[in-house]
Amino acid sequence: MTKERFVEQIDALQGRLYRIALSMLRNDADVQDALQETVLKAWEKQYTLRNEAYFATWVTRIAINVCKQILRQRKRMVLMEELPETPVTFHGITLKMLLETLPEKLRLPFVLQYSEGMDASEIAAALHLSQSAVRSRIHRAKLILRKELAYHEEESMASR
Amino acid sequence: MKKNPWHPDDLRQVFPEIPENISRLVMDTANSVKEETEMKMRHTVSVALAFVLVFICLMGVALAVFQPRIAEIFGSHFGQDFKEWMEEGSVASAEDSVVVEGITFTVNEVAVRNHGLYGVGTITPGEGTLLLCEDYPATEPYGYATFHGEEAPEGTPTVLEKAKAEGCAIKQVSFYLNAIGVDDGAMIMPNGWGADVRPMRDGTVQFLFEVEDGQAVSAQAETYTIELEAVVWNVSADGEADYENPVRQQWTVEVQPQPFAEVLGTSPEPTVTPAPAAVDDSVTQPRQVIVPEAYTQTGTLPVYKATARNFDSKLDYTWFNQSGVASEEVYANHTGGLVLFNDEAQLSWSAEAVFYETYDGTYEATSFVIEGREEKPVTETLQKRTMTSEACSLAGWMHFGFPGTDQVYSLERTELTNITLEEAKAKVEALLAKLGLEGYSCTTALDMSLERIQTMGDELNRQIDLGNLSTNKFRYDYSTATVDNEGYYLQYHKYGTEGDIAGLFSGTFYVTADGVMEVNLRDYYQPGEILSNPEMLLDAQTIADRLPEEMANSRWPETLVEIHQAELTWMPMRADTGKDMVMSPVWVLSYSSEEYGRVNKDCWAIFNAIDGKLITAIFN
C-alpha cells in the first residue's frame, strides 16, 4: 500500500477509531496515545494485511488491541464524569449511563454494530471471535439494556 | 412509535465526533510514516524469507507456522464460551515427543489461563501396530470415538478385525500427568487433573489434559514444566490388555506460553479483566474470622521452609495391629508399601499417606463389563470389610450426607458402652504423636452406638433397594452388629478444614475399645525453620473484597451470596525462587455462591495473605 493510500484510509476511519478508543479508554489523553500507536502499528505491520479490502476491520482490530494494552498498563477506574455528556435521555437515564451498565465484553461488539455499522463478520474478525459469539454477545447486551430501560421506565412512571 | 434507544445516530452522539486536535494528531502521524521503512521492511522480509527457503532446502526441514488449535479443540468439547475464555490466556506450541515400544507420544500444544493449564497431544502408532485407547474394548469400530458419541458407519471393522486382517499388533495406550513446575520452581503433583483419550480416524489417538489447581499452576509464569508418563500395554489376539505388565516412560515437556493474539501475529492481547463490580460489604463481610493466637498479637505469621513428608521409614506395624504380619510388600520404584496382617487387616502407605482397614473374608460381587455394545454381568470375589469397618463407612455417609436423604448427622453421645469420646481422641492423638505429626485438632466427632449402626445400616439397605445408591458392596445384616463395633468417627485437620489444604493435612479415624480400627491419613509436608517474618499480613476483609472479582474472572458463572468464614492458616506452596517449598500464611474463605439459580454452600477460595493473590479456589 502506498503512503498516499494509507493516509486516505486512515482519514476515512479516524472517526470510527476515535469512538472505539473512547468507548474503551474513556478519556482523551489515553485515546490520543492509542490512536497514534494504532496508526504507527498499522503502517509497520501492513505487510501482514493480505487484502486491502479488509483494511478497516484490520485497523479496528489493531486499535482494540492497543486500547486493551493501555488499559492493562494504566489500570484505571474511569469515572463516568470523564465521558462527554449526551443530550439523549430515556426516562431520566442517559444513553451513556445505559451503555455503562454493559460489561466491556458486551459493550464493544454492541457499539461496533450500532454505532459503527459493522456487520457480524467484521466484528468477529476485529475481536477474534466467532460470528455466533458476536451475535450472542450483542443479543445479551440488548437484553441487559432493555431490562435497564424497563426498570427506569417504571421508576419514572412511579414518580409521577 | 417508540424510538429505538440504540439508534446509530443516538449512539454516535454518546461518542462525539473526533475533536479537531486529535484528528490533527492522527493525520500528522499517518503523514509522518516513511515509505523507505516500508520498502526496507519488505526487503528485509524477502531476504529473511529467502534465507529460510534456502535453509529448508539444505536441511530438509518442513517449516510449520504455529496456528494454535487447542482452544478450538477444547471448545468443541466444552463449548464456545470455554474456547473464548481460553483464548484470553496464553498458548505455546510444544511438539515434544517420547517413543515407547515404537509408539510416539507427542504433546502438541499447551494453553494457560488463570490457574488452569490445558494440553492436547497425539499418540501415533508405529509400523504394524494399531492403537487402542484405555477403556475402549478392542471390539469397538476402529478409528471412531464411539464412547464420545461418534457413530461408526455400518461395516466398519473393529480394532480386532482390522488387526487380524492386516497382521498388526494391538497396543493399548494412555498417559498420566505427574507434576507441574513453574519458572524452575518445585515440581508439584496437582490435586487432581482431567484426561481424555479418543481414537481418531487416521489411527492416531488424541489426548487432552487439564489441570485447574492454583497450587500447581501459577497464573502468570514464563515457563511451565510438565512431567508426564506414557503407558503402553500389549493386547492379546482376543483383545485383552496385559495390565500386569505396563511399559512406562516418563517425559518432561517445557513450554513458554505467549498471549494467543501475539501468537496469531496481531498486537499483544493482554488478558482483559472485566471492570470489577462495586464491592457489596453485606456480601463480602465474613460472618466469622478465625486466626491463630500469634496473629492477634503481632498482625503477622512466619513463613516456614517445608519439606516433603515420607512415611516410609516411620511406620511400626504394631502401632496398628498386633496379630502378626502375614505378608509384606515394599515398593521399589514408588515409595510406599502394603502389609497384610494375620487377622486380614491391611496397612498401606505412600510417602504422604497412611491407610489402615480391617477385613473379614470375601464375598461374590456383581460387576459389569462391556462386550461389544452390551453390558454383561460378571462375578468377582472381593474382600468383605468387618462390621467395625462398615460402621465407619456408615458414619462417613452420615457426616457428608446420607444417600437418598442428604441428611447430615451430628454427635449425640460422648459416652458409648465401652469407650468415651475423650478416650477415642486420646488413642488417635497417641497414634499421631508416634507418626511424628503435630498441630492436629479434632474437627468432627460422630458417635456410632449399636443402635445407630443398626438403624442407619437398615436405612442404607433401604436406600439401596430404592435405587438411591448404586453399589456392589456387601449387603450387611446389621442385626449382627454388637457393642464391640461401637466407636467414634473422628476427623482431624491441621491447616484449615476447607479446600485443597484440608486434603493435604487431614485424617479420618474410627476408634473402638479395641483401638484405632480405621485410618485414612494424609500429611504432605513438614514445616521446618522459619524463613521470613512478613511485616504485616492483609486482613480478612481486604481479602474477602477480592473474591467477587476473582469469581468473575473464572470460566464458571458463579455469583457470591455470602462469606461464612475467613480462616488464617498456612499452606504449602513454591518458594519465590529455587526449588524449595514453603508453608506460607493464607486466608481460606468459605462461602456460598449461586450458579444457574442454585445455591452452593460448600465453596472455598484460598488467598495468599502476604500479597493477596488468589492461590486456588473451587471455581479454579
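Residues numbered from 1 in each chain as written. Chains lettered and ligands numbered in written order. Predicted model: local features only at pLDDT ≥ 70, side-chain atom pairs only at ≥ 80, totals over all residues. Heavy atoms only, no water.

Trainee: Before we go on, may I ask you to explain the overall build of chain A in this structure?
Mentor: The number of helices and strands found in chain A is 7 helices and 2 strands. Expressed as a percentage of the 160 residues in chain A, the buried residues total 53%. Nonlocal contacts in chain A, meaning residues at least 24 apart in sequence, comprise 67% of its contacts between residues at least 6 apart. Accessible surface, chain A: about 7,600 Å² in total, of which carbon and sulfur atoms supply 49%. (Helix = DSSP H or I, 4+ residues; strand = E, 2+ residues; numbered from the N terminus. Buried < 20%, exposed > 50% of the residue type's maximum accessible area, 1.4 Å probe, protein only. Contact = heavy atoms within 4.5 Å. Areas by Shrake-Rupley, 256 points an atom, 1.4 Å probe, with all protein chains shown as cover.)

Trainee: Quick question: what am I supposed to make of the pairing of strand E22 (residues 515–523) of chain B here?
Mentor: Here is the key point about a regular strand: its side chains alternate between the two faces of the sheet. All names here are of chain B. Buried residues dominate E22, accounting for 7 of its 9 residues. The sheet contact formed by strand E16 (residues 353–357) and E22 spans 4 bridges and is antiparallel. Counted as the bridge partner of Tyr356 is Val519 from E22. (Pairing = 2+ DSSP bridges.)

Trainee: Where do I start with helix H6 (residues 120–127) of chain A in this structure?
Mentor: Given 3.6 residues to a turn, an α-helix orients residues that are three or four positions apart in the same direction. Inspection of H6 of chain A places Ala120, Ile123, Ala124, Ala126 and Leu127 of chain A among the buried residues, and these make up the whole buried set. Along H6 of chain A, the residues classed as buried sweep out an arc of 165 degrees about the axis, all on the same side. (Arc of directions from axis to C-beta.)

Trainee: Could you clarify how one ought to interpret the packing of helix H10 (residues 387–400) of chain B against helix H12 (residues 450–465) of chain B in this entry?
Mentor: Packed helices, taken two at a time, are described by their axes: the angle between them and the distance between them. All names here are of chain B. Contact geometry for H10 and H12: axes closest at 10 Å, N-to-C directions at 70 degrees. It follows that H10 is roughly perpendicular to H12 by the angle criterion. Counted together, Glu390, Ala391, Leu394, Trp397 and Met398 of H10 and Arg452, Ile453, Met456, Gly457 and Leu460 of H12 form the full contact between these two elements. When its residues are assigned to classes, the contact of H10 with H12 shows 7 nonpolar, 1 polar and 2 charged. (Axes fitted to C-alpha atoms, helices over the stretch in contact; angles between N-to-C directions. Parallel < 35°, antiparallel > 145°, perpendicular 65-115°, else oblique. Nonpolar A, V, L, I, M, F, W, Y, C, P; charged D, E, K, R; others polar.)

Trainee: How should I be thinking about the nonpolar core in this particular structure?
Mentor: Core analysis: the largest hydrophobic core is formed by 124 residues, its most contacted members being Phe105, Leu347 and Leu547 of chain B. Here Leu347 of chain B is in contact with Leu315, Tyr317, Phe320, Gly337, Leu338, Val339, Phe341, Val354, Phe355 and Tyr356 of chain B, once residues within four sequence places are set aside. Listed in part, the 54 residues of the second largest apolar core include Val31, Trp58 and Leu106 of chain A together with Ile18 of chain B. (Core = buried A, V, L, I, M, F, W, Y, C linked by side-chain atoms within 4.5 Å.)

Trainee: I would appreciate a short explanation of the pattern of salt bridges in the present structure.
Mentor: A side chain of one charge can pair with a side chain of the opposite charge if their charged atoms are brought near each other. Residue and element names in this part refer to chain B. For the coordinates displayed, the defined rule picks out 19 salt bridges over all chains. Arg309 is the partner of Asp523 in a salt bridge, and the nearest nitrogen-oxygen pair spans 2.8 Å. In this pair, Asp523 sits in strand E22 while Arg309 sits in the loop between strand E12 (303–308) and strand E13 (325–330), placing the two residues 214 residues apart along the sequence. Here Asp523 matches Arg309 in class, with each residue buried. Among the ionic contacts, a cluster of salt bridges with common partners joins Glu412, Asp447 and Arg452. (Salt bridge = Lys/Arg side-chain N within 4 Å of Asp/Glu carboxyl O.)

Trainee: I would appreciate a short explanation of the layout of surface pockets in the present structure.
Mentor: Summary: where empty space remains is shown by rolling a probe the size of a single water molecule over the atoms. Residue and element names in this part refer to chain B. In this structure, the second largest pocket occupies an estimated 880 Å³ of space. What lines the second largest pocket is a set of 29 residues, among which Asn178, Met189, Ala351, Glu352 and Tyr524 lie closest to the centre. Breaking the lining of the second largest pocket down by element, the ones donating at least two residues are strand E5 (169–182), strand E8 (224–235), E12, E16 and helix H13 (499–504). Lining the lining of the second largest pocket are residues from two domains, each supplying at least three of them: domain 2 (70–263) and domain 4 (358–523). (1 Å grid on protein atoms, 1.4 Å probe; cavity = no way out; pocket = protein on both sides within 12 Å on 5 of 7 lines; lining within 4 Å. Points joined across faces, edges and corners; volume = space filled by probe spheres on them. Domains from an automatic or database assignment.)

Trainee: What should I look at first to understand the sheet that holds strand E14 (residues 336–341) of chain B in this one?
Mentor: Note on sheets: strands pair through backbone hydrogen bonds, and any given pair is parallel or antiparallel. Residue and element names in this part refer to chain B. Across the sheet, which stays open at both edges, the 8 strands sit in the order E13-E14-E15-E16-E22-E21-E20-E19 with antiparallel pairing between neighbours. The sheet is open, and its two borders are formed by E13 and strand E19 (441–448), each paired with just one other strand. Between one strand axis and the next, the sheet turns through 10 degrees on average, direction left out of account. Across 6 bridges, strand E20 (residues 487–493) lies against strand E21 (residues 505–512) in antiparallel orientation. Opposite His493, over in E21, you have Ser506 as the bridge partner. Where H10 meets the sheet, its contacts fall on E19, E20, E21 and E22, and the angle it forms with E19 comes to roughly 115 degrees. Of the strands in this sheet, E19, E20, E21 and E22 are in contact with helix H11 (residues 421–434), which crosses E20 at around 45 degrees.

Trainee: When you look at empty space enclosed by the protein in this model, what are you seeing that I'm missing?
Mentor: Residue and element names in this part refer to chain B. Tallied over the full model, the rule gives 5 cavities of 30 Å³ or more. In this model, the largest cavity occupies a volume close to 100 Å³. Along the walls of the largest cavity sit 15 residues, with Leu131, Tyr142, Gly143, Val159 and Pro199 positioned nearest its centre. Of the residues forming the lining of the largest cavity, the biggest block, 3 residues, is contributed by strand E4 (residues 129–133). Considering only residue class, the lining of the largest cavity consists of 11 nonpolar, 3 polar and 1 charged.

Trainee: Can you help me understand unusual backbone geometry in this one?
Mentor: Most peptide bonds adopt trans geometry, and most residues besides glycine take a negative phi value. All names here are of chain B. In this structure, Glu101 takes a positive phi of about 55 degrees despite not being glycine. Along the chain, Glu101 turns up in the loop between strand E1 (90–100) and strand E2 (103–113). A relative accessible area of 42% means that Glu101 is categorised as partly exposed. Phi at Glu344 takes a positive value of approximately 75 degrees, unusual for a residue other than glycine. On the secondary structure map, Glu344 appears in the loop between E14 and strand E15 (346–350).

Trainee: Looking at this structure, I do not really get the packing of aromatic side chains. What am I missing?
Mentor: By convention here, two paired aromatic rings are described through the distance between centres and the angle between planes. All names here are of chain B. For the structure shown, the criterion picks out 28 aromatic pairs over all chains. On the basis of an interplanar angle of 40 degrees and a centroid distance of 4.6 Å, the ring pair of Phe175 and Phe207 is categorised as tilted. With Phe175 in strand E5 and Phe207 in strand E7 (residues 205–212), the pair connects residues that are 32 residues apart, well separated along the chain. With respect to class, Phe175 is no different from Phe207; both count as buried. Looking at Arg201, its charged tip hangs above the ring of Tyr144, at a distance of 4.1 Å from the centre. (Phe/Tyr/Trp six-rings, centres within 6.5 Å; stacked < 30°, edge-to-face > 60°. Lys NZ or Arg CZ within 6 Å of the ring centre and 35° of its normal.)

Trainee: Help me out: how do you make sense of the confidence of the model for chain A in this one?
Mentor: Interpretation of the predicted coordinates at a detailed level should be avoided for regions scoring low in pLDDT. Residues and elements named next belong to chain A. Residue-level pLDDT values for chain A average 74, and 72% of them are 70 or greater. For chain A, per-element mean pLDDT is lowest for strand E1 (residues 89–90), which scores 50, and highest for helix H1 (residues 3–25), which scores 89. Predicted confidence is poor over residues 76–88, with pLDDT under 50, and the contacts of this stretch with residues over four places away or in other chains come to 32 contacts. (pLDDT = per-residue confidence, 0-100.)

Trainee: Looking at this model, I keep getting lost on the sheet that holds strand E10 (residues 258–259) of chain B. Mind explaining?
Mentor: Residues and elements named next belong to chain B. Judged by pairing direction, the sheet is antiparallel, and its 6 strands sit side by side in the order E6-E7-E3-E2-E1-E10 without closing on themselves. The open sheet has two edge strands, strand E6 (194–199) and E10, and neither has a second partner. For E2 and strand E3 (residues 116–124), the ladder comprises 9 bridges, and the chain directions are antiparallel. Note on E3: the bridge partner recorded for Ala111 is Tyr118. Set on the sheet, helix H4 (residues 70–78) makes contact with E1, E2, E3, E6 and E7; between it and E7 the angle comes to about 85 degrees.

Trainee: Just to check I follow, could you spell out the confidence of the model for chain B for this structure?
Mentor: Taken as a whole, chain B shows an average pLDDT of 85; of its residues, 88% reach a score of 70 or greater. Between residues 37–64 of chain B, whose pLDDT stays under 50, and residues either more than four places distant or in other chains, the model counts 11 contacts.

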